[in-house]
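Descriptive structure summary
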Amino acid sequence: MTDVPQFLGRNLFDLDDYSAAEILYILEAAKGMKEINLREYKKIPTLRGKTVCTLFVENSTRTRMSFELAASRLSADVVSFEAPISSLGKGESLQDTIYTLDAMGIDLYCFRHSSPGSPQLVHKYSGKPVINGGDGRHAHPTQALLDIFSIWEKLGSLEGLKVAIVGDILNSRVVRSNMIGMRKLGASITVCGPRTLMPTGIEEVYGCRVEYQLAEALLDADVVMGLRMQMERMTDGLFPSLEEYSKYYVLSKDTIKYAKDDALIMHPGPMNRGVEILPEIADGKHSIIVEQVANGVAIRMALMFLILGGKA
Ligand code: CP
């Protein structure tokens, strides 16, 4: 028997598959990776000979780039699948795409798709470990891990922290994965947004508190996270206008005063400045939004290292 968590060959579909102890182990590993990222020569040979495929069938800037940087900093070969110029456009199925890529010797897939559950299909077709880079509205576990890491690094622990997450809760995969992960580490979560963007029964399913008034949600919060209005996923005109949303829910100097004075300000990006957050807050002294992006590389390095059995 061993107390050391085992990651070799595992998938990361969402954080419900990972225990609190395993999440903390990943955070510790990411701390070491961050140290490498601060060196002048940001590369170690640990995954030499391994091949990582970033297979993104939905738009991304930071997730995809950080997966690719993470793999290359660990000396893995990286192949980047460009969906818009791939044979998917000629009608090739996802299944045949995976068989084709697999024939070239992929060891790990980092995958994004608009369909919830599709990362499981990639694993089924390839038999290779898959890290979910975001599947529709369902899950975005590496974003949650980098968010958790960013808080843990600043405040030492998530135990007993009050985290307020504000915005388009209905369409957000980030909020779902964060609620699972942060609650495992002892934080309490309040979600806030318009009623039309709040999933029914979210309190029971995720063990969070729901507030519709921003001031109530932010009261005494240690951490405030804004979420993007996901216009591309809204098909039903769920609120009158972005101006209307902003009037009640924007994070500004006027509204953030209800949180603790030193509350950390976070946003997974991309941001709609002026809609869910004003520049005075996004670029303010308590904002860790840029650090979240940097920490994303360290978290993804740690995951690849652990899943592919890198040599320390
Ligand atoms: N936070 C996030 O997932 O950003 P991208 O869509 O740019 O990857």
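Please read these numbers as outputs of a predicted model, since none were measured by experiment.

**A closer look at the overall build of the protein chain**
- If you tally the helices and strands in the protein chain, you get 12 helices and 9 strands.
- Principal-axis analysis of the C-alpha atoms places the extent of the protein chain at approximately 55 × 45 × 40 Å.
- When the 312 residues of the protein chain are sorted by exposure, 55% land in the buried category.
- Across the protein chain, every contact between residues at least 6 apart in sequence was considered, and the portion connecting residues at least 24 apart equals 73%.
- Summed over all atoms, the accessible surface of the protein chain reaches about 13,900 Å², with 52% contributed by carbon and sulfur.

**Side note on the pairing of strand β1 (residues 51–56)**
- Within β1, 6 of the 6 residues are buried, which leaves it mostly tucked inside the rest of the structure.
- Summarising the sheet, β1 and strand β2 (residues 77–82) pair through 6 bridges and their orientation is parallel. Each residue of the ladder has a partner; that of L55, found in β2, is F81.
- This β-α-β element, β1 to helix α2 (residues 62–73) to β2, shows right-handed connectivity.
- Note that β1 and strand β3 (residues 108–113) share 5 bridges and pair parallel. Paired with L55 across the two strands is F111, which belongs to β3.

**Points about the sheet that holds β1**
- The parallel open sheet is built from 4 strands, whose spatial order is β2-β1-β3-β4. Each having just a single partner strand, β2 and β4 (130–135) make up the two edges of the open sheet. Neighbour-to-neighbour, the strand axes of this sheet turn through a mean angle of 10°, independent of strand direction.

**Examining the domain arrangement of the protein chain**
- Domain assignment breaks the protein chain into domain 1 (15–140 + 293–307) and domain 2 (141–292).
- Centre-to-centre separation of domain 1 and domain 2, based on C-alpha positions: 25 Å.
- Counting from both sides, the interface comprises 35 residues of domain 1 and, opposite them, 30 residues of domain 2.
- Of the roughly 2,700 Å² buried between domain 1 and domain 2 on both sides combined, carbon and sulfur atoms contribute 61%.
- When the buried area of domain 1 at its contact with domain 2 is split by residue, L15, R137 and H140 rank highest and sum to 30% of it.
- Put simply, domain 1 and domain 2 have 23 residue pairs in polar contact (both at pLDDT 80 or more) between them.
- Elements with a minimum of two residues in the side of domain 1 that touches domain 2: α1 (20–37), α2, β3, β4 and α12 (289–307).
- Of all the elements, α1 adds the most residues to the side of domain 1 that touches domain 2, at 9 residues.
- When its residues are assigned to classes, the side of domain 1 that touches domain 2 shows 15 nonpolar, 10 polar and 10 charged.

**So, the sheet that holds strand β7 (residues 209–211)**
- Read from one edge to the other, the open sheet built from 5 strands follows the order β7-β6-β5-β8-β9, with strand pairing classed as parallel. Of all the strands in the sheet, just β7 and β9 (264–266) have a single pairing partner and so form its edges. Taking the axes of each pair of neighbouring strands and ignoring which way they run, one obtains an average angle of 20° across the sheet.
- Here helix α5 (residues 141–155) sits on the sheet and contacts β8 (223–226) and β9; the angle it forms with β9, its principal contact strand, is near 165°.
- Against the sheet, helix α6 (residues 173–184) engages β5 (162–166), β6 (188–192) and β8, with an angle of about 160° to β6.

**Let's talk about the side chain of R112**
- Here R112 is to be found in strand β3.
- Buried charge without a partner: R112 forms no salt bridge, and the closest opposite charge is E58, 4.3 Å away.
- Here the side chain of R112 touches N59 through a polar contact of 2.7 Å, landing on its backbone oxygen.
- Discounting chain neighbours no more than four positions away, the residues touching R112 are L55, F56, V57, E58, N59, S60, T63, G133, G134, H140 and R173.

Rules used in this analysis
- The numbers attached to residues start from 1 for each chain and follow its sequence in the written order.
- Where local features are concerned, this predicted model is filtered to residues with pLDDT of at least 70; where side-chain atom pairs are given and counted, the filter is 80 or more; whole-chain, interface and lining totals use all residues.
- Only hydrogens and water are removed before side-chain values are computed, so all heavy atoms of the structure are retained for them.
- Only DSSP runs of H or I covering at least 4 residues are called helices, and only runs of E covering at least 2 are called strands; the numbering of each starts at the N terminus.
- Note on classification: 1.4 Å probe, protein chains only; a residue is buried when its accessible area is under 20% of the maximum for its type, exposed when over 50%, partly exposed between these limits.
- Residue contacts are defined here by distance: any two heavy atoms, one from each residue, within 4.5 Å place the two residues in contact.
- Accessible surface is estimated by sampling points in the Shrake-Rupley manner with a 1.4 Å probe; for residues, cover comes only from the protein chains shown.
- Following DSSP output, two strands are said to pair if at least two bridges run between them.
- Place the viewer so that the strands point away; then a crossover is right-handed whenever the path from the first strand over the helix to the second strand goes clockwise.
- Helix axes are fitted to C-alpha atoms over the stretch in contact, other axes to C-alpha atoms as well, and angles between N-to-C directions run from 0 to 180 degrees.
- All the domain ranges listed were derived from an automatic or database domain assignment.
- Buried area is calculated as the accessible area (1.4 Å probe) missing from two parts once they are joined, with the contributions of both summed.
- Polar contacts here mean pairs of N or O atoms no more than 3.5 Å apart (in protein, one a potential hydrogen donor and the other a potential acceptor; neighbouring residues in sequence count only if both atoms are side-chain atoms).
- In this count, Pro and Cys sit with the nonpolar residues alongside Ala, Val, Leu, Ile, Met, Phe, Trp and Tyr, while Asp, Glu, Lys and Arg are called charged and the others, Gly among them, polar.
- In this count, Lys and Arg are taken as positive residues and Asp and Glu as negative ones, while His and the chain termini are left out.
- Criterion for a salt bridge: a side-chain nitrogen of Lys or Arg within 4 Å of a carboxyl oxygen of Asp or Glu.

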